[in-house]
2 protein chains.
Amino acid sequence: MKIGILGTGMVGSTLATKLVKLGHQVMMGSRTADSDAGRKWLQSVGGKGKLGTFADAAAFGEIVLDCTNGANAIAALRQAGAANLRGKILIQVGNPLDFSKGMPPTLTVCNTDSLGEQAQREYPEARVVKELNTVNCEVMVDPARVPGEHDLIICGNDAAAKREVANRLVEWFGWKPGNVIDLGDITASRGTEMFLALWIRLFGKFGSPHFNIRVVRGK
Amino acid sequence: MKIGILGTGMVGSTLATKLVKLGHQVMMGSRTADSDAGRKWLQSVGGKGKLGTFADAAAFGEIVLDCTNGANAIAALRQAGAANLRGKILIQVGNPLDFSKGMPPTLTVCNTDSLGEQAQREYPEARVVKELNTVNCEVMVDPARVPGEHDLIICGNDAAAKREVANRLVEWFGWKPGNVIDLGDITASRGTEMFLALWIRLFGKFGSPHFNIRVVRGK
């Protein structure tokens, strides 16, 4: 499968490497086609991938993973181009973390809006699915790093896109089908992004990003 | 033990009833000493409790539980009076939920501040512990409603107060000691309050408030 990945940071690189190992054709996109981070990644996978701009990677992918992160995430995503994303599944992975005011980071958008919603508004013809943003990237691609049952929350406006994405999570990364919770439309991104405020404190306490939550239902 | 409870809503009433059943002396406080909700509660426990103003209940309690909720929580808490709370443990249970703009509710404060922090700033000589706000009130007083292992997150600036509160959670309500996670100082309230955005969507999906999360740690 042809997969475009926007963002050459830790999250984008980890997902890209895993997808290359699975035999997919992967293009990593960044602001410039020849970024240092991009070249470093390409070397790390023995040249088995492609580099391009955000627009190149969006055009290349049958599915596009938006791994741009931080305060400029939506500005970066904007460079992908509406025509390149039309009708495609856009998996929105990043979080709107703002480190500019020190640690712990705050969110650039929350409460009444979210990065997931901003992405869907920016590209109304893309089929945005928010997911994977509630776990560390090493857990994303290898959920067995956290033992036992634990859950991944997805949301988006397009039910068929969510079903396909849930299947990919199982097929690509080994998530258990029963551990993928569909939380409804894209406005649920507020909840999964605001969860980061709790996640970051848990990370600080444990000193390791390798944890996740299990939603336990009662009577 | 003498326990003051601020707020005669569903959360305050549920906690008060449980504490009365355990044999504690409980005073429920509200804006006026003879509120309808207060009298209804007193009747429901066969008169085995007291009613008063916020200030009365704060003065009465050896420990005070702040169960005021919603957009006016801090204004209500303000009526408790600094002298009545000096040196006391103030368990801050409520969430800053704003239902005025429709469903789902948003938060009146988040991201760079929290209700827990506001309470500690309002009463610098009180020993504020934020807790219980991440679960439904029926789960608060009966964690076995949710089967198996699941966690409660507490935070606050006073380590001794947190230890005592963690012991009370075990003694009063049956929480398992190993399931109480101390997340650090009172600023961690941001995380547990912002978690509500996710909680509310899970509640909507399940159609039941009887669930909780388990934090699962990996390698």
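Figured I'd write up the structure that's included with this text. (Residues numbered from 1 in each chain as written. Chains lettered and ligands numbered in written order. Predicted model: local features only at pLDDT ≥ 70, side-chain atom pairs only at ≥ 80, totals over all residues. Heavy atoms only, no water.)

To continue, consider the sheet that holds strand E5 (residues 89-92) of chain A. The pairing of strands in a sheet comes from backbone hydrogen bonds and takes either a parallel or an antiparallel form. Residue and element names in this part refer to chain A. Read from one edge to the other, the open sheet built from eight strands follows the order E3-E2-E1-E4-E5-E8-E9-E10, with strand pairing classed as mixed. Of all the strands in the sheet, just strand E3 (50-53) and strand E10 (180-182) have a single pairing partner and so form its edges. If you compare each strand with its neighbour and ignore which way they point, the axes differ by 25 degrees on average. Bridge count between strand E8 (residues 127-130) and strand E9 (residues 152-156): two bridges; the pairing is antiparallel. The partner of Val129 across the bridge, within E9, is Gly156. (Pairing = 2+ DSSP bridges. Helix = DSSP H or I, 4+ residues; strand = E, 2+ residues; numbered from the N terminus. Axes fitted to C-alpha atoms, helices over the stretch in contact; angles between N-to-C directions.)

Residue and element names in this part refer to chain A. Burial along E5 is two-sided: Ile89 and Ile91 and Leu90 and Gln92, pointing in opposite directions, are all buried. As paired elements, E5 and E8 share four bridges and run parallel to each other. When the sheet's bridge partners are listed, Ile91 is paired in E8 with Val129. (Buried < 20%, exposed > 50% of the residue type's maximum accessible area, 1.4 Å probe, protein only.)

With that settled, consider the nonpolar core. Core analysis: the biggest nonpolar cluster contains 80 residues, and A:Leu85, A:Met194, A:Leu202, B:Leu85, B:Met194 and B:Leu202 have the highest contact counts within it. Excluding its chain neighbours within four sequence positions, the residues that come into contact with B:Leu202 are A:Ile181, A:Leu183, A:Val215 and B:Phe211. (Core = buried A, V, L, I, M, F, W, Y, C linked by side-chain atoms within 4.5 Å. Contact = heavy atoms within 4.5 Å.)

The next point concerns the pattern of salt bridges. Residues and elements named next belong to chain B. A complete count under the given rule lists 28 salt bridges over all chains for this structure. Here Arg86 makes a salt bridge to Glu125, at a shortest N to O gap of 2.9 Å. Of this pair, Arg86 sits in the loop between helix H5 (82-85) and strand E5 (89-92) while Glu125 sits in the loop between helix H6 (115-122) and strand E8 (127-130), and the two are 39 residues apart along the sequence. Taking the relative accessible area as the measure of exposure, Glu125 reaches 47% and is therefore partly exposed. (Salt bridge = Lys/Arg side-chain N within 4 Å of Asp/Glu carboxyl O.)

This next bit is on the packing of aromatic side chains. The geometry of an aromatic ring pair is captured by two quantities: the separation of the ring centres and the angle between the planes. All names here are of chain A. Going through the model one piece at a time under the given rule, you end up with eight aromatic pairs over all chains. When the ring of Trp199 is compared with that of Phe211, the centres are 5.1 Å apart and the planes differ by 25 degrees; the resulting orientation is stacked. Note that Trp199 is positioned in helix H10 (residues 196-206) and Phe211 in strand E11 (residues 211-217), a separation of twelve residues in sequence. Among the residues examined, Trp199 registers a relative accessible area of 11% and is labelled buried. Classification of Phe211 as buried rests on a relative accessible area of 1%. (Phe/Tyr/Trp six-rings, centres within 6.5 Å; stacked < 30°, edge-to-face > 60°.)

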